[in-house]
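# Residue-level structural notes
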Amino acid sequence: MNWSPASAGPYYADPSLVAFGGRFYLYPTTDGNEGWDSDVFHVLSSDDLASWEDHGEILRLGRDVPWATRNAWAPAAAEKNGLYYFYFTADDNIGVAVASSPTGPFIDSGAPIVPSDAHLGRTIDPAVFTDFDGAAYLIWGNTVAHFARLNDDMLSIDPASVVDWEHPTFREAAHIHRRGDTYYLTWSENDTRDPSYRVRWATSDAPTGPWQERGVLLEQAPERGILATGHHSILRVPGTDDWVIAYHRFAVPDGDGFHRELVIDPLIHLPGGALAPVDPRAEPIRLTRSAIPETLDT
Ligand code: FUB
């Protein structure tokens with residue numbers, strides 16, 4: 001089955017881009033629902049970052065996650081010792097599910113890893129950062145970002161390790177990557193329904209800050225019809241010093257904050273470590289094979 005996701009969906013947003021075992025995987029929010037009221041997660045995979053296969057459902061709230069039924073948003077994934085951990089937002093809690101394959105099936109851990117209201121701000125938008133020494137961190141939040149050490153089981157956090165971070169521009173989608181001795185914190189500013197939704201960046205010499213703000217990394221290009229560029233993830237292409245940033249934008253030409261599409265652009269680290277502003281390009285990712293019935297655009 002071949003189609004363009006820019007035409008009539010399916011729509012995906014909030015991409016978490018990772019590489020496992022020589023293949024790329026995208027874990028997104030299933031979009032195209034007024035109010036982002038999806039209850040299902042899919043995974044896409046690719047061997048070249050250009051053509052993507054949709055493997056279909058990997059987790060469904062209610063059926064696979066008994067403690068939540070709505071707002072399946074903004075997942076992230078990590079691998080440890082041959083197991084794959086899938087972190088997801090569900091009704092303003094963060095959950096975690098485990099599988100022996102990146103494409104699932106994922107088994108929910110039974111309860112939120114971060115319950116709603118345990119910390120300041122909304123409990124949404126998990127990301128995982130694994131440092132060079134193997135220490136893994138869970139990052140999440142809306143209006144207040146939180147950084148916490150994941151315990152060895154990857155199914156729980158150390159509550160004593162939680163560091164909060166507030167900034168006037170921080171809305172959501174905090175993400176950390178490291179190149180050399182520099183840690184980069186990137187996040188989304190403004191509302192995902194607003195054309196001005198965009199990504200900012202900061203640096204530190206430690207994974208939980210303090211952070212020095214560095215400016216805007218990615219923003220709309222309205223002259224090309226590109227709006228609301230945000231909720232990203234950043235990946236180093238394994239075995240190289242090439243980096244990419246996956247993000248969403250309003251689907252072109254007629255998308256909005258509930259009809260978003262995925263884009264992957266190069267991310268350039270300049271000599272000295274500064275990030276070059278991302279030049280948003282016109283083409284969304286291409287789905288060449290899909291397991292999805294054509295019923296997602298509600
Ligand atoms: O996709 C639902 C929500 O919209 C996400 O949790 C936010 O980051 C924003 O992209």
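All of these numbers come straight from a predicted model, not from anything done at the bench. (Residues numbered from 1 in each chain as written. Predicted model: local features only at pLDDT ≥ 70, side-chain atom pairs only at ≥ 80, totals over all residues. Heavy atoms only, no water.)

To continue, consider the pattern of salt bridges. Enumeration according to the criterion identifies 20 salt bridges in this entry. Here Arg171 makes a salt bridge to Asp191, at a shortest N to O gap of 3.1 Å. Of this pair, Arg171 sits in the loop between β12 (163–165) and β13 (172–179) while Asp191 sits in the loop between β14 (182–189) and β15 (198–204); the two residues are 20 residues apart in sequence, bridging distant segments of the chain. For Asp191, a relative accessible area of 18% gives the class buried. Salt bridges sharing partners connect three or more residues here, namely Asp39, Glu57, Arg60, Arg63 and Asp64. (Salt bridge = Lys/Arg side-chain N within 4 Å of Asp/Glu carboxyl O. Helix = DSSP H or I, 4+ residues; strand = E, 2+ residues; numbered from the N terminus. Buried < 20%, exposed > 50% of the residue type's maximum accessible area, 1.4 Å probe, protein only.)

Right, let's get into the site of the ligand. Residues in close proximity to the ligand total 13 residues, the closest being Asp14, Asp125, Glu172, His231 and Arg260. One of the side-chain N or O atoms of Asp14 is found 2.5 Å from an oxygen atom in the ligand. In this structure, an oxygen atom belonging to the ligand sits 2.8 Å away from a side-chain N or O atom of Arg260. Protein chains bury 97% of the 280 Å² of accessible surface belonging to the ligand in isolation. Looking at the shell around the ligand residue by residue, the classes come out as five nonpolar, four polar and four charged. (Near = heavy atom within 4 Å. Polar contact = N/O pair within 3.5 Å; in protein donor to acceptor, adjacent residues only side chain to side chain. Areas by Shrake-Rupley, 256 points an atom, 1.4 Å probe, with all protein chains shown as cover. Nonpolar A, V, L, I, M, F, W, Y, C, P; charged D, E, K, R; others polar.)

Take the nonpolar core next. By size, the foremost hydrophobic cluster in this structure holds 20 residues, and its most contacted members are Tyr27, Phe41, Leu59, Phe86, Phe88 and Phe106. Listed by contribution, the elements that provide at least two residues to this core are β1 (11–20), β2 (23–31), β3 (40–46), β4 (51–60), β5 (72–80), β6 (83–90) and β7 (93–99). The element best represented in this core is β6, accounting for four residues. Counting 18 residues, the second-largest nonpolar core is a separate cluster that includes Ala76, Val114, Ala148 and Leu150. (Core = buried A, V, L, I, M, F, W, Y, C linked by side-chain atoms within 4.5 Å.)

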